[in-house]
Amino acid sequence: MLTSPLTRLKNNFLDLLEHKTTLLAVLYHFVLVIIIFLPCLLNGSVFIGSEDNYTHHFANLFFNLKSAQHGDMGLWNPYIYGGTNFSASTHNFIFYPFNWILFLFPQKLFLSVLTLRIFLETWAIGYFGFLLFKEEIKNVRWALFASTIYLLGGHTILGLTIYANLTVTLWITIGAYLIFSMARRSYVRSFLYLTFTVLCLHFCFNIVYSLAGLLILSILFIYKFFETFLKSPARWKYAATFILGMLTGTMISLIKLFPVLYRIMFEGTRIANTNYEPLHHGILFFLSAFIPETFGVNMNQSLQYLTELGGKPVSSHVETFSYFGLLPIFLIFYSFFHLKDKKIMFWMLYLSITSLWFLNIHPVVDILNKLTYPLIHIIIPKIMIPIPLCMLA
């Protein structure tokens, strides 16, 4: 169909604005990540993040690196208990495709290349977060505000101190964006992108974390289906694309999932008591959302505000809310006055249920723990909190 010169000029102008917005988002989040990594950049040092990374996550990655460079899949780890079946370890990262790039480099460059990858992953969380929030909020400025909270908030810092959770957050964000923008691409492309996203989600880290990712993506698709796709004649094609993408990605991932789940369910390796006890003193738990000291993993178990208020010392990555700043918290309270908006009502309901789950409030925690059995962990609702929180803010 022929278009008039005026229409073509208008379309070109809108495309230019879109490209400028994209460039602005790319540069803006790049600057934020530079600020986060400034100590490393100024000192010319590699990024470690925490003792947890150095003695656990990086150590497992380094074992995978050595195994791959010796032509070994690393399914048997001789360094743990005199030798153990590492194919049944949920922390075996040998199958994650982007680790194969890491394995191409010599061992002496391992931490330097990993630092670069962590930098790029952190940037990508902010950028794809912006794309996700823009799809839902329909406002560039507020989307930038939401992605700023998302990038600089406690959950990203948690990812930097429990590395691979950072990667999980990235693939959750990408998957959420793919769902919210599904109407703008072909079904085949959406299927392939979702399959690869789910595959990476399973392979990149602990399967408990990937379960949280699958729950988030499923909830967001159901919301998007009833909010948008249901009005389209192609609604069932969207549903089939999502379901097939999730199933295909999971089926490919069975090479990792099957031995891990088998050992958890039939060999008695599941932790007997996986119900962590968060802060049951209401005031202490409420304060944890306002205090920056709850950032990341606190390995020395000495959160000062807890001891001052008579609480027990805890590891802040499981027993407290992540800190997202005071202004976002107040904006969420303000959202209570706009619950007639169906979108706000959904995000508020989503945030409320996940918060009750995280707080160990009965019967919510009983029902949801049964649904996620045997992969029960307090980190699941914690991973589910950031997206609705930033949407409401």
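Let me sum up the structure you'll find in this document. Starting from 1, residues in each chain are numbered consecutively following that chain's sequence as written. For this predicted model, a pLDDT threshold of at least 70 governs which residues receive local features, and a threshold of 80 or more governs which side-chain atom pairs are given and counted, while totals over whole chains, interfaces and linings are taken from all residues. Heavy atoms throughout the structure, all of them, feed into the side-chain values; hydrogens and water do not.

1. Quick look at the pattern of salt bridges
Phase 1 of the analysis: A pair is scored as a salt bridge if a Lys or Arg side-chain nitrogen falls within 4 Å of a carboxyl oxygen belonging to Asp or Glu. What the rule picks out here adds up to four salt bridges.
Phase 2 of the analysis: A salt bridge links R117 to E121; its shortest N-O distance comes to 3.8 Å. Placement of both R117 and E121 in helix α5 (residues 110-137) is noted, with a separation of four residues, approximately one turn of the helix. Taken individually, R117 and E121 each receive the classification buried, so the pair is uniform in this respect.
Phase 3 of the analysis: Across the pair K224 and E227 runs a salt bridge, and its minimum N-O distance is 3.8 Å. With K224 and E227 both in helix α10 (residues 207-227) and three residues apart, this pair spans about one turn of that helix.
Phase 4 of the analysis: Residue classification places K224 among the buried residues on the basis of a relative accessible area of 6%. Runs of H or I in DSSP of at least four residues are treated as helices and runs of E of at least two as strands, each being numbered from the N terminus. For the exposure calls, accessible area comes from a 1.4 Å probe over protein chains only, and a residue counts as buried if that area is under 20% of its type's maximum, exposed if over 50%, partly exposed in between.

2. A few points about the packing of aromatic side chains
Phase 1 of the analysis: Put simply, two rings from Phe, Tyr or Trp (the six-membered ring, in Trp's case) pair if the centres are within 6.5 Å, and we call them stacked under 30 degrees between planes, edge-to-face over 60, tilted for the rest. A full pass over the atoms with the stated rule returns 33 aromatic pairs.
Phase 2 of the analysis: When the ring of Y96 is compared with that of F98, the centres are 5.7 Å apart and the planes differ by 50°; the resulting orientation is tilted.
Phase 3 of the analysis: For the ring pair F221 and F225, a centre distance of 6.1 Å and an interplane angle of 40° mean the geometry is tilted. You can see F221 and its partner F225 sitting in helix α10, four residues apart, about one turn around the helix.
Phase 4 of the analysis: Members of the aromatic cluster, connected to one another through ring pairs, are Y187, F221, F225, F226, F229, W236, Y238 and F242.

3. Remarks on the nonpolar core
Phase 1 of the analysis: Side-chain atoms within 4.5 Å are what join buried Ala, Val, Leu, Ile, Met, Phe, Trp, Tyr and Cys residues into a set we call a nonpolar core. I118, W347 and I387 are the most contacted members of the largest nonpolar core, which has 105 residues in total.
Phase 2 of the analysis: Contact criterion: two residues are considered in contact whenever any of their non-hydrogen atoms come within 4.5 Å of each other. If sequence neighbours within four positions are ignored, I387 has contacts with L132, F133, Y150, I172, A176, I216, L220 and W347.

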